[in-house]
Amino acid sequence: MKVQILGTGCPKCKALHANAEAAVKALGVEAEIQKIEDIQEIIKFGVMMTPALAVDGQVKVVGKVASADEIKKYLQ
Amino acid sequence: MSAPVDVLRPDQRARGHALGGAIAVATLGAAVWWIVYSHLAQGAAWLTQSVLGLSSRSHLGSAVEFFLYEAPKVLMLLVLVVFSVGIVRTFFTPERTRAILAGKRESVGNVLAAGLGIVTPFCSCSAVPLFLGFVQSGVPLGVTFSFLIAAPMINEVAVVLLLGMFGPKITAIYFGTGLTVAILAGWIIGRLRMEKHLEPWVSAMSASDAAATESERLDWDGRLNAGRDAVREIVGKVWLFVVLGIAVGAGIHGYVPTNALAGLMGKSAWWSVPLAVLLGVPMYSNAAGIVPVVQALLGKGAALGTALAFMMSVIALSLPEMIILRKVLRPTLIGVFIAVVASGIVLVGYVFNLVM
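Residues numbered from 1 in each chain as written. Chains lettered and ligands numbered in written order. Predicted model: local features only at pLDDT ≥ 70, side-chain atom pairs only at ≥ 80, totals over all residues.

## Examining the overall build of chain B
Check the secondary structure of chain B and you find 17 helices and zero strands. The buried share among the 356 residues of chain B stands at 41%. (Helix = DSSP H or I, 4+ residues; strand = E, 2+ residues; numbered from the N terminus. Buried ≥ 20, exposed ≤ 12 C-beta atoms within 10 Å, placed from the backbone.)

Now the structure itself:
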């Protein structure tokens, strides 16, 4: 599984990254967490609000810091 | 609830109970809120005079009473409005706004964009992806700018502070002139045909790159949560600015003699409006910190137009946002953007000094 955090490095993006890490750890799933900070890459996801989170290329969260519990839902 | 209960699935019934509970809590909360809010002035006077033993006519006493009244008042208004706006915003996603604006002609588009800029969720850190998303799907450049100008300038925090500290009349003036500046500045930028001043890779982007994300469907539970999250995030971020701003305002209120600023920021000083804007543009503060200070200045002889222009330029144009936008805009376009918006604000300042 591939989890991508889309965001240009604002504090909220870091918070989302940390929550995603916590979610992956708590579930014990095999997942690679990747940070995408390049704006041109972010745009390719069709995202207009950062931070965003995509699982296997599918955007799941847009424009908010989802909690670890919320992210868990998308990883199962 | 006349429907037979056994028609509802257990999860639906649970949701019904949750909604009923939420409504009860909200009603109770609103009642408590109103009782406290309507007694704030008495409370502040009582605390200052009876508990602290200060006279309202002394410098310190009037500053303390001002602070004890204004700080809780503005914070309470802030919680209420941010919560409501958080819910309203769940109905306006950037995707939906973009879909509305994509097919519009310029003039109509500018008006719509400025209006939608108020209700669509926006944070300056998302300015670039939003800008790209709009331009890519065929929203005209000038229309996109109307949105980008209105979104930060007319926001819920600014409206709360203006309403709480200046009253409805000045709030309406700020709202109306702010919208006008956003509409006209966007329209002018559109007329100037600035498309060639985008960074080359932006123009090279093809529309097919924009994959549509499906927005998540929200029920009322989700919308209430969004309101609560908005309160936690926005009030959590600005409460300190509010308190500091009101503290500075309270100091000015208590200690600066009335009319001390008439010569410096009054109507007779013609240069004060452009100077206020010039000072305001690079300054970065959200509405929360600046409005209480401006309110206090106004009480000491500053002219309304000058104060309004200062406030608008601080809130609408900021250095950090320009740096972020530099990723997609060439310096010429950034310069034009600042110049057009700043001229609009200066004009607003003069008009108000003239008529009020």
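## Structural notes on the interface of chain A and chain B
Taken together, the contacts link 17 residues of chain A with 18 residues of chain B. At the level of elements, helix H2 (39–44) and strand S4 (58–62) of chain A are the ones that each hand at least two residues to the side of chain A that touches chain B. No other element matches H2 of chain A, which puts five residues into the side of chain A that touches chain B. Partitioned by chemical class, the residues of the side of chain A that touches chain B number ten nonpolar, five polar and two charged. (Contact = placed C-beta atoms within 7 Å. Nonpolar A, V, L, I, M, F, W, Y, C, P; charged D, E, K, R; others polar.)

## A closer look at the pairing of S4 of chain A
Residues and elements named next belong to chain A. Summarising the sheet, strand S3 (residues 52–55) and S4 pair through four bridges and their orientation is antiparallel. From the neighbouring strand, Leu53 faces S4, where its bridge partner is Val61. A loop of two residues connects S3 with S4, the two strands running antiparallel in sequence, and Asp56 in this loop sits at a positive phi of about 50 degrees. (Pairing = 2+ DSSP bridges.)

## What to know about the packing of helix H6 (residues 127–136) of chain B against helix H7 (residues 141–153) of chain B
The geometry of a pair of packed helices is captured by two quantities: the angle between their axes and the separation between those axes. All names here are of chain B. Put simply, H6 and H7 touch, their axes get as near as 10 Å, and they point 150 degrees apart. Put simply, H6 runs roughly antiparallel to H7. Crossing handedness for the pair H6 and H7: right-handed. Across from Ala127, Phe131, Phe134 and Val135 in H6, the residues of H7 making contact are Leu141, Thr144, Phe147 and Leu148. Grouping the amino acids of the contact of H6 with H7 by side-chain chemistry returns seven nonpolar, one polar and no charged. (Axes fitted to C-alpha atoms, helices over the stretch in contact; angles between N-to-C directions. Parallel < 35°, antiparallel > 145°, perpendicular 65-115°, else oblique. Left-handed = near helix turned anticlockwise from the far one by under 90°.)

## Points about helix H4 (residues 94–102) of chain B
Residue and element names in this part refer to chain B. Those residues of H4 that sit buried are Pro94, Glu95, Thr97, Arg98 and Leu101. Each buried residue of H4 lies within a common arc of 160 degrees when the element is viewed along its axis, so the set occupies one face. If you follow the buried residues of H4, they end up packed against helix H5 (106–119), H6 and H7. (Arc of directions from axis to C-beta.)

## Brief notes about the sheet that holds strand S1 (residues 2–6) of chain A
All names here are of chain A. Overall, mixed pairing links the four strands, which are arranged S2-S1-S3-S4 in an open sheet. Whereas interior strands pair on both sides, the edge strands pair on one side only; in this sheet they are strand S2 (32–36) and S4. Between one strand axis and the next, the sheet turns by 25 degrees as a mean value, whatever way the strands run. Across the sheet, helix H1 (residues 11–27) is in contact with S1, S2 and S3; its angle to S1 comes to roughly 165 degrees.

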